[in-house]
Amino acid sequence: MSELLTTHPYNNDLRVALLQLNRPKVLNALTTDLLQEIVDELRRLDDLPEVRCIILTGNDKAFAAGADILKMSQSNPIEQLTDKRMRLWKEFAMISKPIIAAVNGFALGGGHELAMACDFVIAGDSAKFGQPEINIGTTPGAGGTQRLTRALGKSKAMMLALTGEMLSAMDAYECNLIARVVPAKTLLQECFEVAKKIADKSPIAVKLTKDSINKSQELSLSDGLEYERRNFYLSFASADQKEGMSAFLEKRAPEYKGN
Ligand code: HXC
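Quick notes on the rules
- Residues numbered from 1 in each chain as written.
- Predicted model: local features only at pLDDT ≥ 70, side-chain atom pairs only at ≥ 80, totals over all residues.
- Heavy atoms only, no water.
- UniProt positions renumbered as here; feature names shortened; annotations may be inferred.
- Helix = DSSP H or I, 4+ residues; strand = E, 2+ residues; numbered from the N terminus.
- Buried < 20%, exposed > 50% of the residue type's maximum accessible area, 1.4 Å probe, protein only.
- Contact = heavy atoms within 4.5 Å.
- Near = heavy atom within 4 Å.
- Polar contact = N/O pair within 3.5 Å; in protein donor to acceptor, adjacent residues only side chain to side chain.
- Nonpolar A, V, L, I, M, F, W, Y, C, P; charged D, E, K, R; others polar.
- Salt bridge = Lys/Arg side-chain N within 4 Å of Asp/Glu carboxyl O.
- Pairing = 2+ DSSP bridges.
- Axes fitted to C-alpha atoms, helices over the stretch in contact; angles between N-to-C directions.
- Phe/Tyr/Trp six-rings, centres within 6.5 Å; stacked < 30°, edge-to-face > 60°.
- Arc of directions from axis to C-beta.

- As annotated in an unreviewed UniProt entry, the protein chain carries the name Enoyl-CoA hydratase and comes from Halobacteriovorax marinus.
- Regarding the protein chain, the UniProt comment filed under Sequence similarities (unreviewed entry) reads as follows: "Belongs to the enoyl-CoA hydratase/isomerase family."

Spelled out as structure tokens, the structure:
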């Protein structure tokens, strides 16, 4: 078990994996090593057939308060350029299973970018979101001007990134940055319930749906619709599609096998 990150099935359901950032003394500040561990663990889970959904979380005080400022303060542009961190962010985006960010406390800077890189965010009601890089003389570097702007639109993204202000969980919910707000104390339980719903579905259909929605962020509408249609056709090659439709017609619960 890593000293930075712990992983275990939640409520003994092996289909849902829980990854927990574990640097509480520095509010889960992200080092390259920690990001590497997250990606290594996600890739391992992506290859395990029994795992259907992943929850990424921090602790009550912080999901993650950004890149590690101590490490960053000693860095130079060539180190940044050659650091494997940027490749790790790309590898994170290639995970095919759904990843839910379960956010309590601060999700700031790179920590907020990490939450946005997940498939959706469920937050405790005291969570805070922001891109405070501007306060320390730099600018977001892993999606805080790009994913944020796609999520909020230019005006709100610009104001957040230029002022370094934080959004409350409710504000983040109201502007569609996050999917759900729940009482902070029940965050993991609520995420687990959502993850279980996803785990009950066909893993093939889940994978295709995640892929199509992610493509909507990259493609024009007509290219995206074409891409979506092809994934729809592809789902008909799966035994799970036959099972899902038969189960509906036979008025029984489907049993998906992931093939
Ligand atoms: C390193 C951090 C840290 C960080 C907090 N700590 N955030 N260390 N990197 N990002 C450390 C503090 O130094 C402190 O250590 C301990 O965690 C507790 O933090 P406090 O500040 O004492 O807590 P609090 O007063 O509650 O304030 C919480 C906070 C504040 C508002 C979140 O810590 C803060 O502003 N943190 C920095 C947030 C930030 O600027 N993030 C963006 C980083 S740039 P000690 O030893 O004093 O106890 C970035 C670029 C990403 O993310 C680019 C991607 C490639």
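Moving on, there is more to tell.
### What to know about the overall build of the protein chain
- Scanning the protein chain from terminus to terminus reveals 12 helices and 10 strands.
- In terms of principal-axis extent, the alpha carbons of the protein chain reach across some 60 × 45 × 35 Å.
- A total of 259 residues make up the protein chain; the buried ones form 44% of that total.
- Looking at the protein chain alone, contacts between residues at least 24 apart form 67% of all its contacts between residues at least 6 apart.

### Some details on the site of the ligand
- What surrounds the ligand is a group of 23 residues, the closest being Lys61, Ala65, Ala67, Ile69 and Gly110.
- Contact distances for the ligand include 3.4 Å between an oxygen atom and a backbone N or O atom of Lys25.
- Between Ala67 and the ligand, the recorded distance is 2.8 Å, taken from a backbone N or O atom to an oxygen atom.
- Those elements giving two or more residues to the shell around the ligand turn out to be helix 2 (69–73), helix 4 (85–93), strand 6 (106–108) and helix 5 (110–117).
- Residue classes in the shell around the ligand are distributed as 13 nonpolar, four polar and six charged.

### Points about the pattern of salt bridges
- Tallied over the entire structure, the rule returns 13 salt bridges.
- The shortest N-O distance in the salt bridge between Asp13 and Arg15 comes to 3.1 Å.
- With a relative accessible area of 13%, Asp13 lands in the buried category.
- On the basis of relative accessibility, which here comes to 25%, the residue Arg15 falls in the partly exposed class.
- Put simply, Glu41 and Arg44 hold a salt bridge, and the shortest N to O gap is 2.8 Å. Placement of both Glu41 and Arg44 in helix 1 (residues 32–46) is noted, with a separation of three residues, approximately one turn of the helix.
- Using a relative accessible area of 16% as the deciding quantity, one classes Glu41 as buried.
- One network of salt bridges, in which partners are shared, links Asp13, Arg15 and Asp200.

### With respect to the sheet that holds strand 8 (residues 128–130)
- Strands sit in the order 4-6-8-9 across an open sheet of four strands; the sheet is mixed. Either end of the sheet is taken by a strand with one partner, and the two such strands are strand 4 (62–64) and strand 9 (166–168). Between one strand axis and the next, the sheet turns by 20° as a mean value, whatever way the strands run.

### Re the packing of aromatic side chains
- For the structure on display, the rule yields three aromatic pairs.
- When the centroid spacing of 6.3 Å and the interplanar angle of 50° are considered together, the rings of Phe232 and Tyr233 count as tilted.
- The class of Phe232 is partly exposed, set by a relative accessible area of 49%.
- The interplanar angle of 75° and the centroid separation of 5.1 Å between the aromatic rings of Phe232 and Phe236 together place this pair among those described as edge-to-face.
- An aromatic cluster is built from Phe232, Tyr233 and Phe236, whose rings are joined through pairwise contacts.

### Notes on helix 4
- Of all the positions in helix 4, only Arg85, Leu88, Trp89, Glu91 and Phe92 are classed as buried. Projected down its long axis, helix 4 carries its buried residues within an arc of 160°, all on one side.
- Buried residues belonging to helix 4 abut helix 1, strand 3 (53–57), helix 3 (77–82), strand 5 (99–103) and helix 5.

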